[in-house]
Every structure is written in C-alpha cells, then in structure tokens.
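# Observations on the three-dimensional arrangement
Now for the letters of each chain:
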Amino acid sequence: FGIGGLTVPFDILVEFLPTHQRGEYLLLIEYYWTAGSMIVPILAYLTLELLNSWRIFVAVCSIPCVVSFVASQMYVPESPRWLISKGRNREAMDVLRVAVAVNGKDPDVTFPEGCILKDEVEETSSFADLLKVCVCLCGVLSL
C-alpha cells in the first residue's frame, strides 16, 4: 500500500508519459503512497488485534506490490540503455520510438531510418565498491 515500494521505476515511467501529463500522473502515484501509509495501521489493527494473525497482515500488505510487479512486467519496457548493453539495439530503438511518439514527436524525424544507437559497455561493480565509498566518506566526515 505504498510502504513496500513501487516496482515501476519512476524514470522509465516518466519517459512514457506525455509531457503535459507527467506532473499529474506522478502526483497521483504520490497520493497512493500517502493513502497506503494511512491504510497500513488500519490493516494492522484489523489483522493483528482482531484476527490475531501477522500472516494475514503480511499477505494483505503484499497484494499491491504483487499487482504493481505484474503490471510493470506487462506494460513497462526494458531500459533502452540496458538493451543496447546486451546487443539488442533493434529492441532499444523500438522502445525509444514509442517513447518519442508518446511525447508527441515524430519518431521518423527524431530517429530517421538508418540511425544507429551508440553501443554501451555494461558496467560492472560489486557490493564491496559501495563500501569503499562509505569508508572514504566516513574518513572525510571524521576530519
């Protein structure tokens, strides 16, 4: 209900919204987060106090996340950058053309026939790389 997060990445979602409706739709998403934050304590009271079952509480709270996951798999395309890094340039171009059309532009003008997308090199990193930044930051903060 908004607490567990939303599986649709906002940056990709925004690219597929018409420019004049982006603010409105993103605001609607925030309303769902707010409503969810208010509904969770009510559900907690009903399931934990009245039904005495934390399992029901967890199951009910997981429903919006499952629904948004299924919807995102059906309606949100892969990131064009990721597709290019995997060598799937044609699919990346198709995704970009759809985004351009949704935003009211002509895909044939933006991406004329024969347009080639720049190859991306897949970036690699590890969890340890995150800790290196933390150690550096902690060292700077301790000064």
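The structure presented is a predicted model; accordingly, all values stated were derived computationally and were not measured. Per chain, residue numbering runs from 1 following the sequence as it is written. Two thresholds apply to this predicted model, a pLDDT of at least 70 for residue-level local features and 80 or more for giving and counting side-chain atom pairs, whereas whole-chain, interface and lining totals are computed over all residues. The basis for the side-chain values is all heavy atoms of the structure; hydrogens and waters are excluded.

## Section: the nonpolar core
Put simply, the rule reads: What we call a nonpolar core is a set of buried Ala, Val, Leu, Ile, Met, Phe, Trp, Tyr and Cys residues that are connected through their side-chain atoms within 4.5 Å. Exposure categories follow from relative accessible area, calculated using a 1.4 Å probe and restricted to protein chains: below 20% of the type maximum is buried, above 50% is exposed, and the middle band is partly exposed. Numbering goes from the N terminus for both helices and strands, where a helix is a DSSP run of H or I of at least four residues and a strand is a run of E of at least two. Throughout, a residue-residue contact means that at least one pair of heavy atoms, one from each residue, lies within 4.5 Å.
Listed in full, the eight residues of the largest apolar core are Leu83, Ile84, Ala92, Met93, Val95, Val100, Phe111 and Leu117. Of all the secondary structure elements, the ones that give two or more residues to this core are α4 (80–85) and α5 (89–102). The element best represented in this core is α5, accounting for four residues. Beyond its immediate chain neighbours, meaning those up to four positions away, valine 95 contacts Phe16, Pro77, Glu78, Pro80 and Leu83. If you look at the next biggest cluster of nonpolar residues, it comprises five residues, including Leu43, Ala44, Phe57 and Cys61.

## Structural notes on helix α2 (residues 22–50)
Selection rule: Expected span, for any helix, means 1.5 Å times one less than how many residues it has. The angle between axes fitted to the seven-residue stretch ending at a residue and the seven-residue stretch beginning at it gives the bend at that residue.
Over its 29 residues, α2 extends 41 Å from the first C-alpha to the last, a length consistent with the 42 Å expected when each residue adds 1.5 Å. Isoleucine 39 marks where α2 bends most, by close to 25°; the proline proline 41 follows one to four residues later. Within α2 the residues assigned to the buried category are Ile29, Gly36, Val40, Leu43, Ala44 and Thr47. On its buried side, α2 packs onto α1 (10–15) and α3 (54–75). Count one or two residues on from α2 and you reach asparagine 52, which has phi positive near 55°.

## Notes on the state of the cysteines
Which entries qualify depends on this criterion: For this text, the term disulfide refers to a pair of cysteine sulfurs within 2.5 Å.
One pass over the full model with this rule turns up zero disulfides. Cysteine 65 supplies the cysteine sulfur nearest to cysteine 61, a cysteine that is in no disulfide, at a spacing of 8.8 Å. A relative accessible area of 19% places cysteine 61 in the buried class. Cysteine 65 gets classed as partly exposed once you look at its relative accessible area, which sits at 22%.

## Side note on the packing of α2 against α3
To keep it simple, the criterion reads: The convention used is that axes are lines fitted to C-alpha atoms, helices contributing only their stretch in contact, and that angles between N-to-C directions extend from 0 to 180 degrees. Crossing handedness follows the turn of the near helix against the far one: under a right angle anticlockwise gives a left-handed crossing, and clockwise gives a right-handed one. Residues are grouped as follows: Ala, Val, Leu, Ile, Met, Phe, Trp, Tyr, Cys and Pro are nonpolar; Asp, Glu, Lys and Arg are charged; all remaining types, including Gly, are polar.
Running from N to C, α2 and α3 point in directions that differ by 150°, and their axes come no closer than 8 Å. By crossing handedness, the relation of α2 to α3 is classed as right-handed. Contact residues: Val40, Leu43, Ala44, Thr47 and Leu48 in α2; Trp54, Ile56, Phe57, Val60 and Cys61 in α3. Split by residue class, the contact of α2 with α3 holds nine nonpolar, one polar and no charged.

## Concerning α5
Every α-helical turn comprises 3.6 residues, leaving residues that sit three or four positions apart pointing alike. With 14 residues, α5 ought to run about 20 Å at 1.5 Å a step, and its terminal C-alpha atoms sit 20 Å apart, in line with that. Turning to α5, its buried residues number three or more, namely Ala92, Met93, Val95, Arg97, Ala99 and Val100. One or two residues past the end of α5 sits glycine 104, with phi positive at roughly 80°.

## A closer look at the pattern of salt bridges
The criterion, for reference: The rule for a salt bridge is simple: a side-chain nitrogen of Lys or Arg has to be within 4 Å of a carboxyl oxygen of Asp or Glu.
Evaluation of the coordinates by the stated rule reveals three salt bridges. With a closest N to O distance of 2.9 Å, arginine 88 and glutamate 91 form a salt bridge. Of the residues examined, arginine 88 reaches a relative accessible area of 32% and is grouped as partly exposed. Taking the shortest distance from any N to any O, the salt bridge between aspartate 108 and arginine 97 comes out at 3.0 Å. Taken together, the residues aspartate 108 in helix α6 (residues 107–110) and arginine 97 in helix α5 connect sequence positions eleven residues apart. Judged by relative accessible area, which is 17%, arginine 97 ranks as buried.

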